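# Structural overview
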Amino acid sequence: MEDQELQQWIEQISMESFGRPFVHQARFNRRLRSTGGRYFMKSHDIEISWSQWETYGRDEIEKIIKHELCHYHLHILKRGYQHRDQDFKTLLAQVGGTRYCQSLPRPRAIQPYKYRIECVNCKTEYYRKRKMDVRKFACGNCRGKLKSYTLDLIAPS
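Residues numbered from 1 in each chain as written. Predicted model: local features only at pLDDT ≥ 70, side-chain atom pairs only at ≥ 80, totals over all residues. Heavy atoms only, no water.

So, about the pattern of salt bridges. Applying the stated criterion across every chain, the model contains eight salt bridges. For R27, the salt bridge identified is with E47, shortest N-O distance 3.3 Å. Remark: E47 occurs in strand β3 (residues 46–49) and R27 occurs in strand β1 (residues 26–29); sequence separation between them is 20 residues. In this structure, E118 engages R116 in a salt bridge whose closest nitrogen and oxygen atoms are separated by 3.2 Å. Here the residues in one salt-bridge network are R27, R38, D45 and E47, joined through shared partners. (Salt bridge = Lys/Arg side-chain N within 4 Å of Asp/Glu carboxyl O. Helix = DSSP H or I, 4+ residues; strand = E, 2+ residues; numbered from the N terminus.)

The following block contains the structure:
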């Protein structure tokens, strides 16, 4: 789906669900990860997460569009457009929008451990990805002194 198709789809949803036109710009944003969409109060534009479209498809995006259109129409009408406002909650329920978007699956890149910290007294080992000043910390088990060793990249388990 292209931005132009998204624009037409949002205009159609706006007329069908809200009975009011959407006369500003809509586009996909490929960087959005933790949110399904955004409404910009100054420009009145709407951005929709491309990742949500790829992962969950048309039905989920329609709910996200309705959510953003609730912000849009209520803000233009100078009514409560924020998530906590009763006007927003009521309109969202009427049009069938979603309050929260679904979480995207996040592939985690495995970062190897670079440091092994060892207690001088009880020999407890701690593995770290970032360097730490062992003079400022003590062992969590026996409160003993710590010693740091640099590793040849061990993958975390």
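Continuing now.
A word on the pairing of strand β5 (residues 125–128). Here four bridges tie strand β4 (residues 113–119) to β5, and the two strands are oriented antiparallel to one another. Paired with R116 across the bridge in β5 is Y127. Count of turn residues in the β4/β5 antiparallel hairpin: five residues, of which K123 carries a positive phi of about 65°. (Pairing = 2+ DSSP bridges.)

On to the nonpolar core. A general trend in soluble globular proteins is that nonpolar side chains are found buried together. I10, I46, I48, I65 and L69 are the most contacted members of the largest nonpolar core, which has 24 residues in total. Mapped onto this core, the elements with two or more residues apiece are α1 (3–18), β1, β3, α2 (50–56), α3 (58–76) and α4 (86–95). Counting residues per element, this core draws most heavily on α3, at seven residues. If you look at the next biggest cluster of nonpolar residues, it comprises seven residues, including Y115, I117, M132 and L146. (Core = buried A, V, L, I, M, F, W, Y, C linked by side-chain atoms within 4.5 Å. Buried < 20%, exposed > 50% of the residue type's maximum accessible area, 1.4 Å probe, protein only.)

Let's shift gears to the sheet that holds strand β2 (residues 37–39). Ordered in space as β1-β3-β2, the three strands form an open sheet in which the pairing is mixed. The strands lining the two open edges of the sheet, one partner per strand, are β1 and β2. Strand-to-strand twist in this sheet, taken as the mean axis angle between neighbours without regard to direction, amounts to 20°. Two elements, β1 and β3, share four bridges in a ladder whose sense is parallel. When the bridges of β3 are listed, A26 appears paired with I46. (Axes fitted to C-alpha atoms, helices over the stretch in contact; angles between N-to-C directions.)

α3 packs onto α1 with a crossing angle of 65° between their chain directions and a minimal axis gap of 10 Å. By the criterion of interaxial angle, the relationship of α1 to α3 is roughly perpendicular. Regarding α1 and α3, the two cross each other, and that crossing is right-handed. On α3, the residues that touch L6, W9, I10, I13, S14, S17 and F18 of α1 are R58, I61, E62, I65, K66, L69, C70 and H73. (Parallel < 35°, antiparallel > 145°, perpendicular 65-115°, else oblique. Left-handed = near helix turned anticlockwise from the far one by under 90°. Contact = heavy atoms within 4.5 Å.)

For the pair α3 and α4, interaxial distance at closest approach is 10 Å and the crossing angle is 135°. On the basis of the axis angle, α3 is oblique to α4. Here α3 runs over α4; the crossing is right-handed. Residue-level inspection shows K66, H67, C70, H71 and L74 of α3 in contact with α4, the latter providing D87, F88, L91, L92 and V95. The residue makeup of the contact of α3 with α4, split by class, is six nonpolar, two polar and two charged. (Nonpolar A, V, L, I, M, F, W, Y, C, P; charged D, E, K, R; others polar.)

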